[in-house]
Amino acid sequence: MRIRKQMEFCEAHRRATAREEYAAREYPNIDFDALSTPPIETGYGGGDDGNGGTSGGRIERFRDDLVGVIRRERPSAFRDAADEAAARGEGRNLKKTVAADEALTGMTVGYYGPRGRRVMEAWVTRELADEIRESAGRDRLIGFKTVSGFIQEVLVPELAMRLVAEDLDVGEARAREVLRESGEIGELVNGVDDDGEERKGGGAKVAKKPVGGAAAAADDEDGGDY
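Nothing here was measured: the structure is a model prediction, and the numbers come from that model. (Residues numbered from 1 in each chain as written. Predicted model: local features only at pLDDT ≥ 70, side-chain atom pairs only at ≥ 80, totals over all residues. Heavy atoms only, no water.)

Student: Run through the packing of helix α4 (residues 77-87) against helix α8 (residues 140-168), naming residues and quoting values.
Tutor: At their nearest, the axes of α4 and α8 sit 9 Å apart, and the two run at 150° to each other. For α4 against α8, the interelement crossing comes out right-handed. Contacts between α4 and α8 involve A77, F78, R79, A82, D83 and A86 from the first element and L141, I142, F144, K145, F150, E153, V154, P157, E158 and M161 from the second. Of the residues that constitute the contact of α4 with α8, the class distribution is 11 nonpolar, no polar and five charged. (Axes fitted to C-alpha atoms, helices over the stretch in contact; angles between N-to-C directions. Helix = DSSP H or I, 4+ residues; strand = E, 2+ residues; numbered from the N terminus. Left-handed = near helix turned anticlockwise from the far one by under 90°. Contact = heavy atoms within 4.5 Å. Nonpolar A, V, L, I, M, F, W, Y, C, P; charged D, E, K, R; others polar.)

Student: Requested: an account of the nonpolar core, with residues and values cited.
Tutor: Nonpolar side chains in soluble globular proteins tend to be buried together. Judged by nonpolar contacts, the single largest core of 45 residues is most densely connected at Y112, M120 and L155. Those elements giving two or more residues to this core turn out to be α1 (2-24), α2 (32-35), α3 (63-70), α4, α7 (113-136), α8, α9 (172-181) and α10 (183-189). Ranked by residue count, the leading element in this core is α8, at 15 residues. Look past the residues within four positions of M120 in its chain and what remains in contact with it is I59, V109, Y112, V156, L159, A160 and L163. (Core = buried A, V, L, I, M, F, W, Y, C linked by side-chain atoms within 4.5 Å. Buried < 20%, exposed > 50% of the residue type's maximum accessible area, 1.4 Å probe, protein only.)

This is how it looks when you write it as structure tokens:
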């Protein structure tokens, strides 16, 4: 019992320190509900919410960018990296890699942490899985990674980069640096506890919302040859 209490104290201290560092770096307080609020009217781009955004939440604004990455119509450093790894025969099954290394999950979305990744992955799966499947037959990388692997390794970090760039008003290169720099802080401040409940502000828990991830809605079988 004493050891467990000591471990809990150490973890609480780490989270408190992470919150202080989070504030010192001037990372934003994230409204996770506003990331993917469903659009009031169905449609490709959602509707204007009267505040310069769309009724589909912040993520909806990046739909065209993500579709462009899927179709290879827009450049993506994450797709390029995945292409290079696939050409070397690496990264065939990202799902198993992520399951074995939760730190990787946090690193790919930076200070948004596992909680943010959950929201992003659910949105991309719900909104873009069909688009990805349509491209799979002619896109070697998607065929190699599977739909879920492509979502996790390319589209989710791509989306996180764009959210960070918007948050901090920086370019894409700097946003990618922030993703790498802030992964551990994101794990502690915007994490998910072992019981599946989300942590609000790195401390208090909030009820877990039933959202589907890529693994729940996409094909999880091993991909083919690259």
